[in-house]
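Chains, contacts and geometry: an overview
Now for the letters of each chain:
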Amino acid sequence: MTDLGKARRAAVTALLAAGLGLALAPAAHADGPAGAPVPVPAADLANARGVVQDQAVLDKVGHFFARKGVPPTQQLTIGAAQEAQAASAAAPRLAGDTVPVYTLDAGFVAGAPGAPVAKAEFTASKVVAADGQTASVWTIRQGDSWRVVNIASGGDESDYAAKAAGGGGGTAFREPQVNAWYVLRDGRVLPLDDEARRSVGAGGVSLAAYQKLVHERYGDKLPGSAYDREGKGGGYQLAADQERAAVGGSALPAVTAAAALGVTALVGAGAAVRRRAGVRRG
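Along every chain, residues carry numbers that run from 1 in the direction the sequence is written. Reporting of local features is limited, given that this is a predicted model, to residues whose pLDDT is at least 70; pairs of side-chain atoms are given and counted only at 80 or more, and all residues count toward the totals for whole chains, interfaces and linings. Just so you know, side-chain values use all the structure's heavy atoms and leave hydrogens and water out.

Focus on the nonpolar core
Phe 108, Val 117, Phe 173, Tyr 182, Val 189 and Tyr 210 are the most contacted members of the largest nonpolar core, which totals 24 residues. Where helices and strands are cited, they refer to DSSP runs of H or I of at least four residues and of E of at least two residues respectively, numbered from the N terminus. Listed by contribution, the elements that provide at least two residues to this core are strand S2 (99-104), helix H5 (106-110), strand S3 (118-128), strand S7 (180-185), helix H7 (194-200) and helix H8 (207-218). Any two residues having at least one pair of non-hydrogen atoms within 4.5 Å are treated as being in contact. Phe 173 has contacts with Tyr 102, Val 117, Ala 118, Ala 180, Trp 181, Tyr 182, Val 183, Leu 184, Val 189 and Tyr 210, leaving out every residue within four places of it along the chain. For our purposes a nonpolar core is just a set of buried Ala, Val, Leu, Ile, Met, Phe, Trp, Tyr and Cys residues, chained together by side-chain atoms within 4.5 Å. Exposed residues in this analysis have more than 50% of their type's maximum accessible area, buried residues have under 20%, and partly exposed residues fall in between, with area computed by a 1.4 Å probe over protein chains only. Ala 124, Trp 138, Val 149 and Tyr 160 belong to the second largest nonpolar core, which has 15 residues in total.

Some words on the pattern of salt bridges
Salt bridges, as used here, are contacts in which a Lys or Arg side-chain nitrogen is within 4 Å of a carboxyl oxygen on Asp or Glu. All told, the structure shown has 7 salt bridges when counted by the stated rule. With a shortest N-O distance of 2.8 Å, Asp 159 and Lys 126 are connected by a salt bridge. On the criterion of sequence distance, the pair formed by Asp 159 in helix H6 (residues 156-166) and Lys 126 in strand S3 is long-range, its members being 33 residues apart. By relative accessible area, Asp 159 is classed as partly exposed at 34%. Residue Lys 126 is classed as buried on the basis of its relative accessible area, which comes to 19%.

What to know about the packing of aromatic side chains
In this scheme Phe, Tyr and Trp rings, the latter by its six-membered ring, pair at centre separations within 6.5 Å, and the angle between planes marks the pair as stacked below 30 degrees, edge-to-face above 60, and tilted otherwise. Taken as a whole and judged by the stated rule, the model has 7 aromatic pairs. Centre to centre, the rings of Phe 64 and Phe 65 are 6.3 Å apart; their planes meet at 70 degrees, and the pair counts as edge-to-face. Phe 65 sits in the buried class, given a relative accessible area of 1%.

Re the packing of helix H3 (residues 55-66) against helix H4 (residues 80-90)
A fitted line through C-alpha atoms serves as each axis, taken over the contacting stretch for helices, and the angle formed by two N-to-C directions is quoted from 0 to 180°. In the contact formed by H3 and H4, the axes pass within 8 Å of each other and the chain directions differ by 115 degrees. On the basis of the axis angle, H3 is roughly perpendicular to H4. Relative to H4, H3 is oriented so that their crossing is right-handed. Residue-level contacts link Gly 62, His 63, Phe 65 and Ala 66 of H3 to Glu 83, Ala 84, Ala 86, Ala 87 and Ala 90 of H4. Each angle gets one of four labels, with under 35 degrees taken as roughly parallel, over 145 as roughly antiparallel, 65 to 115 as roughly perpendicular, and the rest as oblique. By definition, any crossing whose near helix is turned counterclockwise from its far helix by less than a right angle is left-handed, and any crossing with a clockwise turn is right-handed.

Shown next as structure tokens:
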């Protein structure tokens, strides 16, 4: 995926998660390492996966593959019959586990006692097409039922969870403001991608050091802050990206920091973002 594609994916994920604001796991914190996110029950993951396995959902994913991510509101160069044929030929199938997707928690950023580093915002199921295309189907729980809220190209959510598990365990989570993926392992925040390595270094940092870092980045942009009340946007970039932009490099578009911490919603629960949206700037 290109840098632009990653940035657009980050924007959609951050803003969609902010709009949903749903905790998939019970509110009470389970016993575990300091800062560890509350685990999502296996039964919830099984129920979410069952929704994705519904043939009607897989048919929609087939059309997503057939359209190469182009939203239904835009014209294709092929007709409806050809699209239907391509959707059927895609033969989408689930691959790997359905995983909870953990996102940097606003309480942790604020320094709230006992706050986990991240919270579960939605679940993701990786789907693969016959031609090798991949997509991530996002589901949330509403009351006693589960529903699909997004189909996104690629499989970052499942891939980084698997990378964390295969590298020694721990919980994978995202800092969506800079599109960074980390794993919390043995009290340290370790990088899983290039953005995270730029953020915390190749060796990672302690949980306490990471809390200080994100508080410095976003502590004045939390819900209820002056930043929030004034409706400001403009995003957040790592220093490395800012330096690249200054010398004419290809910096990632900024993602609104407040939006990814629960301030601004991109879509209502129940809407589906069929493609990466452009980064929004206030």
